[in-house]
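Chain by chain, the residues:
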Amino acid sequence: MERFVELRHLVKEFKPSGLRRLTGSAVRAVDDVSLTINRGSVFGLVGESGCGKTTLSRSLLYLDPPTSGEVVVKDTPLHTLSRKKLREFRSVMQIVFQDPNGALNPKMNIASSLKEGLINRGINRRERDDRIDDLLQQVGIAPTVKKRYPHEFSGGQKQRIVVARALTMEPEFLVLDEPVSNLDVSIQAQIINLFLDLKETFSLTYLFISHDLNLVSFLCDHIAVMYNGRIMEKAPAEELTKNPLHPYTRRLYSSVPGIHRMPAFSEAILSDADQRLTDFSQSCLYYPICPIRSEDCLEGRPELEDKGGGHYVACIHS
Ligand SMILES: Nc1ncnc2c1ncn2[C@@H]1O[C@H](COP(=O)(O)OP(=O)(O)OP(=O)(O)O)[C@@H](O)[C@H]1O
Ligand SMILES: [Mg+2]
């Protein structure tokens, strides 16, 4: 397996702004994340809202460089590159966001939107027109409508156009950040199939971010589970689906109908008084709501431990 992206101890902190700068401490949105994404794979990243998935992907792409740690792409650490080289490197990595409306300029027809990247890459006019027609066809949009504006397309069609635009950069790697969660359920499967087709046609590697565990289990070959900026568990998708170990992963799976039968997982939330009495600065981040916690969990933040077969879990009781 050839490594495409490797994250080494990635940390991203946000400093508080305004007056709070004087008193507030930095938010650690990504906390010591290490993972490897192999070429040709679909790597899934799951976790509840606000756990740091988008921040992780933006740091990975150097859209918002990490506070510390390394991003290594094709064996090159990105922090060692000059600005110009970094820009070149970054063009092989594109991102598709949840909301296609925000991604397309409403004042530009779609041919013009697609043209921009091709012009930047120095592709001549004739070749550009051919390339645009070709890419639109690849994503299931008839080239005859390329002079139309974004508002003339449905949500699913707009997402197809956004994908075509990403492909104008000839990427090798796409971050798909909840790419179907804004779309009608009936359209979602079509767009997922499109991603699968494009992956084969263009030999792509994906980082697929989602809340939808069903979808991630179906689509991905590896899954990492994120909680409060940290990876709590990572494993091959089939193994994680069959045998989730971390209490947080088990909670996520227990709420998915049909995918994994588990006894209902009641959360053992600490009372306010308990929360005040206990110092969590060194503890496992999941301690306050963990149903299997013990005093030992206050002693230190567990590292990911190898359980065999590529299955890692950060829990002393799993
Ligand atoms: N630019 C920023 N400045 C300050 N804090 C930020 C910034 N961007 C993100 N955060 C904080 O970082 C944490 C992680 O946010 P992030 O958007 O990465 O989560 P997410 O997992 O993508 O959530 P969602 O599933 O809702 O998209 C949150 O606490 C968020 O408030
Ligand atoms: Mg997000």
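Everything quoted here is computed from the prediction, not taken from an experiment. (Residues numbered from 1 in each chain as written. Chains lettered and ligands numbered in written order. Predicted model: local features only at pLDDT ≥ 70, side-chain atom pairs only at ≥ 80, totals over all residues.)

**Student:** Is there a simple way to explain the packing of helix α5 (residues 110-120) against helix α7 (residues 155-167) in this structure?
**Tutor:** Helix packing for two helices is described by the angle between their axes and how far apart those axes are. Following both chains from N to C, one finds α5 and α7 inclined at 25°, their axes separated by 8 Å at the closest point. Between α5 and α7, the crossing angle belongs to the class labelled roughly parallel. As α5 packs across α7, the resulting crossing turns out to be right-handed. From α5, I110, S113, L114 and G117 reach across to α7, where they touch I161, A164 and R165. Classifying every residue of the contact of α5 with α7 by side-chain character gives 4 nonpolar, 2 polar and 1 charged. (Axes fitted to C-alpha atoms, helices over the stretch in contact; angles between N-to-C directions. Helix = DSSP H or I, 4+ residues; strand = E, 2+ residues; numbered from the N terminus. Parallel < 35°, antiparallel > 145°, perpendicular 65-115°, else oblique. Left-handed = near helix turned anticlockwise from the far one by under 90°. Contact = placed C-beta atoms within 7 Å. Nonpolar A, V, L, I, M, F, W, Y, C, P; charged D, E, K, R; others polar.)

**Student:** Help me out: how do you make sense of the sheet that holds strand β8 (residues 205-210) in this one?
**Tutor:** Hydrogen bonds along the backbone pair up the strands of a sheet, which may run parallel or antiparallel. The 8 strands are arranged β6-β7-β8-β3-β9-β10-β12-β11 in an open sheet whose pairing can be described as mixed. Of all strands in the sheet, those bounded by a partner on one side alone are β6 (93-96) and β11 (305-306). Here 6 bridges tie strand β9 (residues 222-227) to strand β10 (residues 230-236), and the two strands are oriented antiparallel to one another. Across the sheet, residue Y227 finds its bridge partner in β10, namely R230. Together, β3 (42-46), β9 and β10 form the strand contacts of helix α11 (residues 247-254), whose direction differs from that of β9 by roughly 105°. (Pairing = 2+ DSSP bridges.)

**Student:** Explain the site of ligand 1 to me, please; I cannot follow it from the model alone.
**Tutor:** Lining the immediate environment of ligand 1, one finds F14, V27, A29, G47, S49, G50, C51, G52, K53, T54 and T55. Looking at the shell around ligand 1, the elements that each hand over two or more residues are β2 (27-38) and α2 (53-60). Among the elements that line the shell around ligand 1, the one with the most residues is α2, at 3 residues. Here the shell around ligand 1 is composed, by residue class, of 4 nonpolar, 6 polar and 1 charged. (Near = placed C-beta within 6 Å.)

Scope: geometric values only; no functional claims are made or implied.
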